[in-house]
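# Report on the structure
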Amino acid sequence: MTRPTYSFEFFPPKTEAAEAAFWEAIPALAALAPSFMTVTYGAGGSTRDKTLEIVAKLRAKTNLPVAAHLTFINTTRDDVFKVTDALWENGTRHIIALRGDLPADLTWPLALDENYFQYTSDFIEALCKRHQFEISVAAYPEKHPDSKSLDDDIFALKKKCDAGATRAITQFFFENDKFYSFVEKCAKAGIMTPISPGLLPVHDFKSMLRFAGRCQASVPGWLADGFAKFEGKPDDSRKYAEELLTKQVLDLAKNGVPHIHFYTLNKPDITTQACKALQE
C-alpha cells in the first residue's frame, strides 16, 4: 500500500478563545509532518490581514511550508497584486488560487471589466507572471454550484491547469468512488495536473450537513443513519467519525492516491487519527 503524503487546511479564528484553541492544536498537527499547511481567506478578502498574519506565524512556529488562500472576486487587479506582493515578500511561495464566493449583487459569469479578473484561469496566469508561486486550485467531483454541468466544470478545471496550476484539491466527498470517477473523467479530458482528494472530518454532523448543502456536496443516507445512532453521545459520535475518515483514507491509499488534503476545521483529533493510520 502506498503511504500518501498529506496537508492540512485551517481558517483564521474569529474570537480570542478560538485563536487560543487554534494555537494549542497546531503542535499536534505539525508533529505529523504534513507536506504543507494552508490558511483560508474570508469572503471578499474579509480576513486578508489575519490570513497574512497566521501564514507568517505558522511558518515561523512550525518551520513547515504554508500556503495562503487568495480570491479575486469583487477585488480589483491592483488590490489583488498588493496582497500577492505582500505574500511573496513575507516568504510565502504557495497560493491556493480561488474565485471566491459570489456576492449577492453579482451574477455568474461576470461582466467584462479590465480592472477585475473574470475567470480563475486568468487569475492564475497573472499570478504566474507576477511571481514564481506554487499554485493549487479547487476541483469539484460533483461540480461547482455555479457550473451548468460536471463536463463544464472539468473544462474550467483544464483551463486552470493549463494556465499554470501545480495541483488541484477537491471539494470534500464521503464516497471515494466519486473521486475515482472524477479523476478518470479529468484524465479523459486531457488534465495531467495531479488531483488530490480533500477530506472533511465530521466533528458536528448537523453543521457539516448545512455546509454540504451550500457546497452541493452529497451526503449519503448511510452516513446520516450512522450519525443518527449516536445523537446525544458525543464520544461515540467522535469515534464513529474517526472510523469513517480512517476507512476513507486507507481506501485512497490502497488505490494509489499519492496525496490527501484535510479540511481540519482547526481541530486536531480526528485528522490526527487518520494520519496515524496512514503511517502504520
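To keep things clear, this report deals only with the structure shown in the data block. Being a predicted model, the structure only gives us computed values, none of them experimental.

What counts, and where the lines are drawn
- Counting restarts for each chain: residues are numbered from 1 in the order of the written sequence.
- For this predicted model, a pLDDT threshold of at least 70 governs which residues receive local features, and a threshold of 80 or more governs which side-chain atom pairs are given and counted, while totals over whole chains, interfaces and linings are taken from all residues.
- Computation of side-chain values covers all heavy atoms of the structure but excludes hydrogens and water.
- Relative accessible area decides the class of each residue, using a 1.4 Å probe on protein chains only: under 20% of the type maximum gives buried, over 50% gives exposed, and in between gives partly exposed.
- A run of H or I in DSSP becomes a helix once it reaches four residues, and a run of E becomes a strand once it reaches two; helices and strands are each numbered from the N terminus.
- Working definition: the arc comes from the directions between the helix axis and the C-beta atoms, pointing outward to the latter.
- In what follows, residue pairs with any heavy atoms lying within 4.5 Å of each other are defined as contacts.
- Between N or O atoms, a polar contact is any pair within 3.5 Å; within protein, one atom must be a potential hydrogen donor and the other a potential acceptor, and residues adjacent in sequence are included only when both atoms are from side chains.
- Ring geometry is summarised as follows: Phe, Tyr and Trp rings, the Trp one being its six-membered ring, pair when their centres sit within 6.5 Å, and such pairs are stacked at plane angles under 30 degrees, edge-to-face over 60 and tilted between the two.

### Considerations on helix H7 (residues 205-215)
Listed in full, the buried residues belonging to H7 are Phe205, Met208, Ala212 and Cys215. The buried residues of H7 occupy an angular sector of 80° when the element is viewed end-on, so they sit on one face. Exposed residues on H7 whose side chains face more than 90 degrees from its buried face are Lys206, Arg210, Gly213 and Arg214. Looking at the packing, one finds that the buried side of H7 touches strand E6 (167-172) and helix H8 (221-228). Measuring from the side-chain oxygen of the N-cap residue of H7 to the backbone nitrogen of Lys206 gives 3.1 Å; that N-cap residue is Asp204. The positive-phi residue at the C-terminal boundary of H7 is Gln216, with phi of around 60°.

### Things to note about the environment of Ser237
Its location among the elements puts Ser237 in helix H9 (residues 234-254). Ser237 sits in the buried class, given a relative accessible area of 17%. C-alpha of Ser237 to C-alpha of Ala189: the two residues are 48 residues apart in sequence and 40 Å apart in space. Setting aside its immediate chain neighbours within four residues, Ser237 contacts Phe227 and Phe230.

### Section: the packing of aromatic side chains
Counted according to the given criterion, the structure contains 16 aromatic pairs. On the numbers, 5.5 Å between centres and 5° between planes, the contact of Phe173 with Phe179 is stacked. Each member of the pair, Phe173 together with Phe179, is buried. When the ring of Phe230 is compared with that of Tyr240, the centres are 5.5 Å apart and the planes differ by 45°; the resulting orientation is tilted. With Phe230 in the loop between H8 and H9 and Tyr240 in helix H9, this pair connects stretches of sequence that are ten residues apart. For Phe230, a relative accessible area of 25% puts it in the partly exposed group. Members of the aromatic cluster, connected to one another through ring pairs, are Phe72, Phe81, Phe117 and Phe123.

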